[in-house]
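Here's the letter readout for the chains.
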2 protein chains.
Amino acid sequence: MNGQMMQQPLLISSLITHAERHHGDQEVVSRRVEGDIHRTTYRELAATSRQLAKAMVALGVGPGDRVATLAWNGYRHMALYYAVSGSGAVLHTLNPRLHPEQVIYIADHAEDQVLCFDLTFLPLVEAVAARLKTVKHFVAMTERAHMPAATKIPNLLCFDEIVAAQDSHYDWPSFDENTASSLCYTSGTTGNPKGVLYSHRSTLLHTFAIAMPDALNCSARDSILPVVPMFHVNAWGLPYAACMVGAKMVFPGPGLDGKSLFELFEAEGVTVSAGVPTVWQGLLGYMEANNARFSTMRRTVIGGSACPPAMMRAFQDKYDVQVIHAWGMTEMSPVGTAAILKGKHLAMDHEAQFAVQATQGRAVYGVDMKIVDADGKALPWDGQTSGELLVRGPWILQDYYRGEGGNPLVDGWFPTGDVATIDADGYMHITDRSKDVIKSGGEWIGSIDLENIAMAHPAVAMAACIAAFHPKWDERPLLVVMKKPGAEVTRDELLAFFDGKIAKWWTPDDVVFVDAIPLGATGKMQKNKLREAFKDHRLPTA
Amino acid sequence: MNGQMMQQPLLISSLITHAERHHGDQEVVSRRVEGDIHRTTYRELAATSRQLAKAMVALGVGPGDRVATLAWNGYRHMALYYAVSGSGAVLHTLNPRLHPEQVIYIADHAEDQVLCFDLTFLPLVEAVAARLKTVKHFVAMTERAHMPAATKIPNLLCFDEIVAAQDSHYDWPSFDENTASSLCYTSGTTGNPKGVLYSHRSTLLHTFAIAMPDALNCSARDSILPVVPMFHVNAWGLPYAACMVGAKMVFPGPGLDGKSLFELFEAEGVTVSAGVPTVWQGLLGYMEANNARFSTMRRTVIGGSACPPAMMRAFQDKYDVQVIHAWGMTEMSPVGTAAILKGKHLAMDHEAQFAVQATQGRAVYGVDMKIVDADGKALPWDGQTSGELLVRGPWILQDYYRGEGGNPLVDGWFPTGDVATIDADGYMHITDRSKDVIKSGGEWIGSIDLENIAMAHPAVAMAACIAAFHPKWDERPLLVVMKKPGAEVTRDELLAFFDGKIAKWWTPDDVVFVDAIPLGATGKMQKNKLREAFKDHRLPTA
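Definitions and cut-offs
Positions within a chain are numbered from 1, following the residues in the order the chain's sequence is written. Chain letters and ligand numbers both follow the written order, the letters beginning at A and the numbers at 1. Under the rules for a predicted model, residues below a pLDDT of 70 receive no local features and side-chain atom pairs below 80 are neither given nor counted, while totals for whole chains, interfaces and linings still include all residues. Hydrogens and water are ignored here; the side-chain numbers use all heavy atoms of the structure. By definition, residues are in contact when any of their heavy atoms lie within 4.5 Å. When two parts are brought into contact, each loses some accessible area as probed by a 1.4 Å sphere; the total of that loss over both is the buried area. Any carboxyl oxygen of Asp or Glu that lies within 4 Å of a side-chain nitrogen of Lys or Arg is treated as forming a salt bridge with it. Side-chain atoms alone can form a polar contact between residues adjacent in sequence; in general such a contact is a pair of N or O atoms within 3.5 Å, and within protein one must be able to donate a hydrogen while the other accepts it. Helix and strand definitions here come from DSSP, where helices need a minimum of 4 consecutive H or I residues and strands a minimum of 2 consecutive E residues; each element is numbered from the N-terminal end. The atoms used to superpose the copies are C-alpha atoms, taken from residues with pLDDT of at least 70 in both, and the fit is least squares. A pair of strands counts as paired when DSSP detects no fewer than two bridges linking them. The path from the first strand over the helix to the second decides the hand: if it runs clockwise while the strands point away from the viewer, the crossover is right-handed. Each residue gets one of three labels from its accessible area relative to the maximum for its type: buried under 20%, exposed over 50%, partly exposed in between, using a 1.4 Å probe on protein chains only. For a helix, the expected span equals 1.5 Å multiplied by the residue count minus one. Angles run from 0 to 180 degrees between N-to-C directions of axes, and those axes are lines fitted to C-alpha atoms, restricted for helices to the stretch in contact.

Peer 1: Outline the interface of chain B and chain A, supporting the account with residue identities and numerical values.
Peer 2: Opposite the 82 residues of chain B that make contact, chain A presents 82 residues. When the buried area of chain B at its contact with chain A is split by residue, Met-5, Met-6 and Tyr-365 of chain B rank highest and sum to 16% of it. Linking chain B with chain A are eight salt bridges. In this structure, Arg-21 of chain A and Asp-368 of chain B form a salt bridge, with 2.9 Å as the shortest nitrogen-oxygen distance. Here chain B is connected to chain A by 38 residue pairs in polar contact (both at pLDDT 80 or more). Of all elements in the fold, only α1 (13–22), β9 (195–199), α7 (200–211), α8 (238–245), β16 (362–363), β17 (368–372) and β18 (387–392) of chain B reach the threshold of two or more residues within the side of chain B that touches chain A. The element that contributes the greatest number of residues to the side of chain B that touches chain A is α7 of chain B, accounting for seven residues.

If you want it as structure tokens, here you go:
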């Protein structure tokens, strides 16, 4: 027997419609590639999205067709989020930091029909346009006055013109909520990138989950600035959550340096932000150098990579900004956990609370987790035992796009590739990526804890810990360090810095100093490149 | 083309499983009918729910079968919420405040197979048991020691015994999320009560919606005490939301007097509560008499009927408890709107903010509203124009149970029977029930505003405004007043109290004083009875 409530599909278009009707005058503010600050409202953005949906139809984009973007965070990109998905097509957010060959591979694999791009990426698009097999239309996301005077791209369209050519009379179509809405490719460090194809249903449920009080806690009193790019797993869902709750939206565009970010935070009363650890280093550096203070910032989500505890302390203790340490994956839409205190923690002292916040957090409702041993047997949630982390839930991947890589699931669970502990309260702590874990004499050493200790040293800008060959133990930890400009520290000083902070046998066997640690397209350290670079490194203990 | 994310149905069992795994030691505290305070945890309650699910199967309860309750708010009732719905059967929460004839009508109409009841309601169950056509098993929700020594009910089962007879090894079944989960009957003042049959999907989506920051804002740091009964639209969803977020749950059982409630609020660190306006009068009266102050209470939801502004001011200004004025219906699961400030309101002064909070609020995401004129034409959202309020959304009724009353929808929208204005920010203000509105010379006068003014008078305990016959104007407002004990006020003093607070022609034509205003089974004033009682009242203006 079924219930007798209305059957309404969960569709992305309902978010912009809700924002338009109930928060019509709420602002959407963008720093533009053109150089200025642009202001619009949900009422106007909803109309723009409908015009843009009609423009896409006019370009021949039909249900299920892929429309790609190469764009910063901005209102035009947000209009594409709603126009493309809302009309039944699929938004494919390409990562402009990828190598041009990867962009070509991914756009061809996705069979993108239209490519919309910010002017910043004109050289990239010009470099690849002739080789893209399926793209029929190129759209520069700008107004006529800023269109390039000359370009190698044939029939280059102007975003503002194709929008203006349509009126805003358009009824968002209704369809099955399992319809594909958007497509992101993983930034896999091995093999070709694989596509994750989200549905309207998975996106809407994820939006509910991240807006909740114990996740990103989004309300109509917030001003949200996603530093995390809209090409990085849909800016972790914030462009959807903002419409669901009617929050003010602030987009930094290309201005991701500390000064530009800080000025925008202050000018627009930003209360909530989100980004990967590397992006915050610039902001914190700027604030330190200028003795700056936030007026309105209350909290920021840090994820994508483990947040170094030193960075969390800087935000919380020095700038009074709550850090919400979160964890997820492209395959998880992306949010899985958030490190938010429970009632039982409120009476604890500062350090005990910090220890909870420093974990990757507990699962948001909808995500289930387990850790397993090498035989797939579930391991206890004791905060000590580590194992491979598996997840499941309605916004977690079932299959990669076009079935790439075969069935990725293990008994219905998605293996995350992370190694983690989970404590009795459900707080998960990632000790490593399974491919990065250091196998020393049959025991596992997690590289992340070692990196966090090193990063707490005042002279260290960035640190990566990788496995180096050892004749007796198979692998031993090698610490790769990038020093802060002008700072000095010796190998022995750094190794001594580990004393008392970790089990003695976890202490790295050696330190090498480098000018730069290679970062991937989403800001993660590329340890595979370091392993390759130091594959012949001879440990002094060997 | 469909997305490629996991297909997991939204099932009620997932809530208790989430609470068990991630908030296993969180407390569920109940004042019991037996007289004591009972403490359990989500871990134990999840096990009890599984045992109870097996016990129901052992009693022959199959998928879709209805299991009725006549019970206060308590942990056994909460276990039934999860056991019955989770196993695929339908939980039917009967309202014990109904007349026995209505209980019989509803239980027969629902074809309840099992009836579980608190000992308080033994006399009621004994009075109706022999006449119930479909109930095969009666279960007293108590332990063996408190079972009645003698009863007219044949084969009366003991709740704790049937639970203890099962082990907790039970896998919650998986099924279509549109499966019926629970059944509530409207307390219709005209005609027979009609059943609203919720689904797992509608319940889960509603749970997300009410836990959001701009609704009830529930987190794992909250201690939630629903004063609103679990037989009153599932305590507005709080027993579900508490599991979703891992909040502490506190149940008042039969102790709804001011002293019992206040003591429980204080003893259990309650931060959030919810209830109809009438229930709060006892609590506020107790606190005033005893000069009491809340230590932990932060906010309470008030709905079911419009909250008198005087009560909102008492909570907010005197006791520093935020009142979340909310609106909904049994047909809406029930929450539709909540009066929460937006960012733009934060800079306003106290009175301007209060005016926003005094409305019924803005729609939570998922609920869409419109107001229409007599021809069904949509009216503007200007805060002035009033019309019939219609709603739609995935947790709003499509059809009544067993098709009772035919198609209740108008072009896919559910007509609420309320008359309301909506302002440009989406804040909805109910001016009346459409059947209570006073039609004076072709114009509408909303009775609720008049009642709120009267209730603000220090001598008035309760006031109802009804239409009285007038030879010239057809109808004019008649104010029916119950004075506070020992307080005195005259007709003319009360009418003068309206001066300057409302348009002159809205002022009631007369006042009558009564010893009591009749309340329905959910605490709402029964104006139909007042209209009947005063149908021959001769207005002095006539």
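Peer 1: Give a description of the environment of Asp-36 of chain A that names residues and reports values.
Peer 2: All names here are of chain A. Within the secondary structure, Asp-36 sits in the loop between β1 (27–31) and β2 (37–41). Discounting chain neighbours no more than four positions away, the residues touching Asp-36 are Ser-30 and Arg-31. Side chain to side chain, Asp-36 and Arg-32 meet in a polar contact 2.9 Å long.

Peer 1: For the relation of the copies chain B and chain A, give the residues involved together with the corresponding values.
Peer 2: Take chain B, turn it by 180 degrees, move it 0.0 Å along the axis, and it overlays chain A with an RMSD of 0.0 Å. Taken together, the rotation and translation relating the two chain copies correspond to the operation of a two-fold axis. Comparing interface residues between copies, 100% of those in chain B also lie at the interface in chain A; the contact surface is shared.

Peer 1: So what's going on with the pairing of strand β6 (residues 137–140) of chain A? Which residues, and what values?
Peer 2: All names here are of chain A. Sheet topology note: the strand β5 (residues 112–117)/β6 ladder contains four bridges and is parallel. Across the sheet, the residue bridging to Cys-116 is Val-139, located in β6. Crossover connection from β5 via helix α5 (residues 122–128) to parallel β6: handedness right-handed. Sheet topology places β6 next to strand β7 (residues 157–158); two bridges connect them, and they run parallel. Its bridge partner lying in β7, Val-139 is registered against Leu-157.

Peer 1: Please give an account of the pattern of salt bridges that cites residues and values.
Peer 2: Taken as a whole, this structure holds 72 salt bridges over all chains when the rule is applied. Between Asp-160 of chain A and Arg-76 of chain A there is a salt bridge, with its nearest N and O atoms 3.0 Å apart. Taken as a pair, Asp-160 of chain A in helix α6 (residues 159–164) and Arg-76 of chain A in helix α3 (residues 75–86) lie far apart in primary sequence, 84 residues in all. Classification of Asp-160 of chain A as partly exposed rests on a relative accessible area of 26%. Look at Arg-76 of chain A and you get buried, because its relative accessible area is 6%. The closest approach of N and O atoms between Glu-177 of chain A and Arg-201 of chain B, which form a salt bridge, is 2.7 Å. A residue pair is termed interchain when its members come from two chains, as with Glu-177 of chain A in the loop between α6 and β8 (180–185) and Arg-201 of chain B in helix α7. Summarising the burial analysis for this pair, Glu-177 of chain A and Arg-201 of chain B share the class buried. Taken together, the shared-partner salt bridges in this structure form one network comprising Arg-32, Glu-34, Asp-36, Arg-76, Glu-143 and Asp-160 of chain A.

Peer 1: I'd like to hear about helix α10 (residues 277–290) of chain B, residue by residue, with values.
Peer 2: Helix length check: α10 of chain B (14 residues) gives 20 Å between terminal C-alpha atoms against 20 Å at 1.5 Å per residue, within 8%. On the buried face of α10 of chain B, the contacting elements are α9 (258–267), β12 (272–275), β13 (299–302) and α11 (309–319) of chain B.

Peer 1: Describe in detail the sheet that holds strand β3 (residues 66–70) of chain A, supporting the description with residues and values.
Peer 2: Residues and elements named next belong to chain A. With respect to topology, seven strands assemble into an open sheet ordered β7-β6-β5-β3-β4-β8-β9, the strand pairing being mixed. On the outer flanks of this sheet lie β7 and β9 (195–199), each paired with one strand and no other. Relative to β5, β3 runs parallel, the two being bridged by five bridges. Paired with Leu-70 across the strands is Phe-117, a residue of β5. Along the sheet, helix α4 (residues 100–110) contacts β3, β4 (90–93), β5 and β8; its crossing angle with β8, the most-contacted strand, is approximately 155 degrees.

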